[in-house]
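Each chain, written out:
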Amino acid sequence: MNKIKIKFKNLIYRVSFLFRPITPVTVSFIFLMIASALLAFIILNLDENTKSYQVLLAILTGITTSLLISIMMELYNNYRFNVKRQRELRKYFRIIASYEINVESIIKTNNKYASELGSGRVCAVFCHLNTIIPCLREVLNNRDYLYQAEVEEIDNILYEYNDVVKIIWIGLLDVFMGLIDDESVDATLTEHPTLMKFLKKEAKRHVRINKGEGDTLYDEAPDSLKNIIEKAIFFNMLSLMDILK
């Protein structure tokens, strides 16, 4: 029974591909109905033996045929576009569909085991950034398969994400520059040992890569820190989670 339900659901889902977007099909169909009804009304009030009757009948036949073909082509193009859209954006749809489930799962898990990562929604969403952001950036490469509202929503999310990175960057820049100079860093991050350990490691790496390059060591540091923050978000989440407690 479940298999039948799944097959029926998939069939309905596939059929819906024909009608997305629905506007062109609806406009063509309404125009067909109005034109056909108007011509049919006029024809029914004419003598069949008159030339006007024959001309209007030919026009009615032509309009009906052309609009029906137009509607069928529109349905076909809709289906082909949506099948390609589904294939190209499969990963995106899967992540979006499972987003709330995954967030709630992280919250419940943290509550159950009293995780050091905390149990709030902000923390749970932050845990999910390493999955969401790369996917959203990748999906914009296939923006031809996105609706305008989807493009705008993704742009808004990425814009807000960049703001988050900038806020973290502002808070860590002085610390990072101090680590590059091998100076004693202010005790502002002593309560976040995981983050400090990560920053020290990345600062040493930055110095090693840019050593002997003169001003490059310091000029490249701000941009390097932005990359380091993204690295922490995508590959070393615990270091930044330390400051979300």
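These figures come from a predicted structure and were not determined experimentally. (Residues numbered from 1 in each chain as written. Predicted model: local features only at pLDDT ≥ 70, side-chain atom pairs only at ≥ 80, totals over all residues. Heavy atoms only, no water.)

A. Spotlight on unusual backbone geometry. A cis amide bond links R20 with the next residue in sequence, P21, at an omega value of 0°. As for its placement among the helices and strands, P21 is situated in the loop between α1 (2–16) and α2 (23–44). (Helix = DSSP H or I, 4+ residues; strand = E, 2+ residues; numbered from the N terminus.)

B. Main features of a nonpolar patch on the surface. A grouping of F8, L11, I12, V15, F19 and I22 is seen on the molecular surface, where their side chains present a nonpolar patch of about 540 Å² in accessible area. Tracing the chain through its elements places V15 in helix α1. Looking at V15, the relative accessible area reads 36%, which means it is partly exposed. (Patch = residues over 30% accessible without salt bridge, like charges linked within 9 Å, V, L, I, M, F, W, Y side chains within 5 Å. Areas by Shrake-Rupley, 256 points an atom, 1.4 Å probe, with all protein chains shown as cover. Salt bridge = Lys/Arg side-chain N within 4 Å of Asp/Glu carboxyl O. Buried < 20%, exposed > 50% of the residue type's maximum accessible area, 1.4 Å probe, protein only.)

C. Structural context of the nonpolar core. Membership of the largest hydrophobic core comes to 43 residues, with the highest contact counts inside it found for Y92, L146, I154, F176, L199, L225 and I233. Contributions of two or more residues to this core are made by α4 (90–113), α5 (121–127), α6 (129–139), α7 (148–180), α8 (193–210) and α10 (221–235). Broken down by element, this core gets its largest block of residues, 13 residues, from α7. In this view, L225 contacts W169, L172, L173, F176 and L199; residues no more than four positions away in its chain are not counted. (Core = buried A, V, L, I, M, F, W, Y, C linked by side-chain atoms within 4.5 Å. Contact = heavy atoms within 4.5 Å.)

D. Seen up close, the pattern of salt bridges. Applying the stated criterion across every chain, the model contains 5 salt bridges. Linking E88 and R87 is a salt bridge whose minimum nitrogen-to-oxygen distance equals 4.0 Å. Residue E88 is classed as partly exposed on the basis of its relative accessible area of 35%. Of the residues examined, R87 reaches a relative accessible area of 45% and is grouped as partly exposed. Ionic pairing is found between K91 and E138, a salt bridge with its closest N-O pair at 3.9 Å. With a gap of 47 residues between them, K91 in helix α4 and E138 in helix α6 connect regions that are remote in the sequence. Given a relative accessible area of 41%, K91 falls into the partly exposed group. For E138, a relative accessible area of 44% gives the class partly exposed.

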